[in-house]
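Listed below, chain by chain, are the residues.
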Amino acid sequence: MRAMVISGGGSKGAFAGGVAQYLLQDAKHNYDMFIGTSTGSLLISHLALQEIEKIKSIYTSVNQEHIFSSCPYTITRKHGIENIGINHFNVLKNILRGSKTFGESHNLLKLIRQSVTEIEFNLLKKRNIEIVVTVANLSLNKVEYKSIKDCTYDEFCEWIWISCNYTPFMSLVKKNGCEYADGGLGSMVPIEEAIKRGATIIDAIILQTETNLFNRMPSKNAFSLLTNMFAFMADRIEQQNIRIGKFVANHNNTIINFYYTPTVLTTNSLIFEEKKMTAWWKSGYDFAKNKNTETNHIEIE
């Protein structure tokens, strides 16, 4: 059983889309399972449908307005570097309304429902492919994995949305009596879950460099400090997930093919910029192509 696992990573998901495009269209890999966390969960339904151009068009053109119904930060550019600042008006408005988060991401839920239609959802349910999204149950202090097989259309769209909700900047969702947030808070790279569900070959797309590099700018304000702190924690969770995944794979004779980003793509994955994301998609495709070409060349020799 072959699985594709896509990690969280915000706007860097465009790179994952390019890698997946090569693996599906050029390498002709047939997948029995797709598992995604956060930004990865946005990709997997379209990848399972082989709707590559559709998701590429959506993904590389998305911006803050498509995601936030109330954006808590502003973006400034100085010397070619983007920094985020506090959108005091929107944050204050959210606080006065009694919101538990600085911003709200209801526009993203609308976008998900527009991009994954009910007809497409029903097609996926009929196929013998497992599609799983990762969410964090804050109330029960555990990570949960939501399969398309167990969901209605509305439920599945909501779980994808919840998997992407990078609190406290995005919405905190109360569902089934529990509070849910971004799946990356507990499992950035759900390799272990893929193995538990029977995967014997895994193509894992990791939206981070393989070795630690200096990839964060100094904090300019409270929000940039928060994003740096969360990015630090996400990196630690990701590294732990990978170590555990490798350990479990060794004990289950599972093969893992890793696709890391070859360079630092961005210092802030909350910034969505069409030109850069289009370039990252192409970069992901080219990287996967070169990686597989080199591997095949070595095997032939």
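Before reading further, recall that the structure is shown in the block above.
Residues numbered from 1 in each chain as written. Predicted model: local features only at pLDDT ≥ 70, side-chain atom pairs only at ≥ 80, totals over all residues. Heavy atoms only, no water.

## Some points on helix 8 (residues 153–164)
Part 1 of the reasoning: End to end, helix 8 covers 17 Å across 12 residues, agreeing with the expected 16 Å (1.5 Å per residue, within 8%).
Part 2 of the reasoning: In terms of burial, helix 8 is largely enclosed, as nine of its 12 residues are buried.
Part 3 of the reasoning: What helix 8 keeps buried is the set Tyr153, Phe156, Cys157, Trp159, Ile160, Trp161, Ile162, Ser163 and Cys164. (Helix = DSSP H or I, 4+ residues; strand = E, 2+ residues; numbered from the N terminus. Expected span 1.5 Å × (residues − 1). Buried < 20%, exposed > 50% of the residue type's maximum accessible area, 1.4 Å probe, protein only.)

## Comments concerning empty space enclosed by the protein
Part 1 of the reasoning: Considering all chains together, one arrives at two cavities of 30 Å³ or more under this definition.
Part 2 of the reasoning: There is about 50 Å³ of room inside the second largest cavity.
Part 3 of the reasoning: Taken together, Ser11, Glu82, Thr266, Asn268, Ile271, Glu273, Lys276 and Trp280 form the lining of the second largest cavity.
Part 4 of the reasoning: Here the lining of the second largest cavity is built from residues that sort into two nonpolar, three polar and three charged. (1 Å grid on protein atoms, 1.4 Å probe; cavity = no way out; pocket = protein on both sides within 12 Å on 5 of 7 lines; lining within 4 Å. Points joined across faces, edges and corners; volume = space filled by probe spheres on them. Nonpolar A, V, L, I, M, F, W, Y, C, P; charged D, E, K, R; others polar.)

## Comments concerning the packing of aromatic side chains
Part 1 of the reasoning: If you walk through the whole model with that rule in mind, you get 12 aromatic pairs.
Part 2 of the reasoning: Ring geometry for Phe68 versus Tyr73: centroids 5.5 Å apart, planes at 90°, classification edge-to-face.
Part 3 of the reasoning: A residue is classified by how much of its surface remains accessible, and Phe68, at 5% relative accessible area, is buried.
Part 4 of the reasoning: Ring geometry for Trp159 against Tyr180: centres 4.9 Å apart, planes inclined by 75°, an arrangement best described as edge-to-face. Of the two residues, Trp159 is situated in helix 8 and Tyr180 in strand 8 (residues 178–182); the sequence distance between them amounts to 21 residues. Of the two residues, Trp159 and Tyr180, neither departs from the other in class, the shared state being buried.
Part 5 of the reasoning: Within the aromatic cluster, the residues linked to one another by ring pairs are Phe102, Tyr166, Phe169 and Phe230.
Part 6 of the reasoning: Lys175 extends its terminal NZ or CZ atom over the ring of Trp159, reaching a point 5.3 Å from the ring centre.
Part 7 of the reasoning: The ring of Tyr259 is capped by Lys291, whose NZ or CZ atom sits 5.4 Å from the centre of that ring. (Phe/Tyr/Trp six-rings, centres within 6.5 Å; stacked < 30°, edge-to-face > 60°. Lys NZ or Arg CZ within 6 Å of the ring centre and 35° of its normal.)

## Thoughts on the side chain of Thr266
Part 1 of the reasoning: By secondary structure assignment, the location of Thr266 is in the loop between strand 10 (255–260) and helix 11 (274–300).
Part 2 of the reasoning: Side-chain polar atoms of Thr266 contact the backbone nitrogen of Asn268, separated by 3.1 Å. (Polar contact = N/O pair within 3.5 Å; in protein donor to acceptor, adjacent residues only side chain to side chain.)

## Considerations on the side chain of His29
Part 1 of the reasoning: Counting through the fold element by element, His29 comes out in the loop between helix 1 (13–26) and strand 2 (33–37).
Part 2 of the reasoning: Among the polar contacts listed, one links the side chain of His29 to the side chain of Arg2, at a separation of 3.4 Å.
Part 3 of the reasoning: Discounting chain neighbours no more than four positions away, the residues touching His29 are Arg2, Leu23, Leu24 and Asp203. (Contact = heavy atoms within 4.5 Å.)

## Some thoughts on unusual backbone geometry
Part 1 of the reasoning: Cis geometry is found at the peptide bond from Thr167 to Pro168, where omega equals 5°.
Part 2 of the reasoning: With a phi close to 55°, Ser38 is a non-glycine residue in the positive phi region.
Part 3 of the reasoning: With respect to the helices and strands, Ser38 occurs in the loop between strand 2 and helix 2 (39–48).
Part 4 of the reasoning: By relative accessible area, which is 8% here, Ser38 ends up buried.
Part 5 of the reasoning: In this structure, Asn176 is a non-glycine residue whose phi angle is positive, near 55°.
Part 6 of the reasoning: Here Asn176 lies in the loop between strand 7 (173–175) and strand 8.

## Overview of the pairing of strand 9 (residues 201–206)
Part 1 of the reasoning: Within strand 9, five of the six residues are buried, which leaves it mostly tucked inside the rest of the structure.
Part 2 of the reasoning: Relative to strand 9, strand 1 (residues 2–6) runs parallel, the two sharing five bridges. Each residue of the ladder has a partner; that of Arg2, found in strand 9, is Ile201.
Part 3 of the reasoning: Sheet topology places strand 9 next to strand 10; six bridges connect them, and they run parallel. From the neighbouring strand, Ile201 faces strand 10, where its bridge partner is Ile255. (Pairing = 2+ DSSP bridges.)

Shape descriptors only; they carry no functional weight alone.
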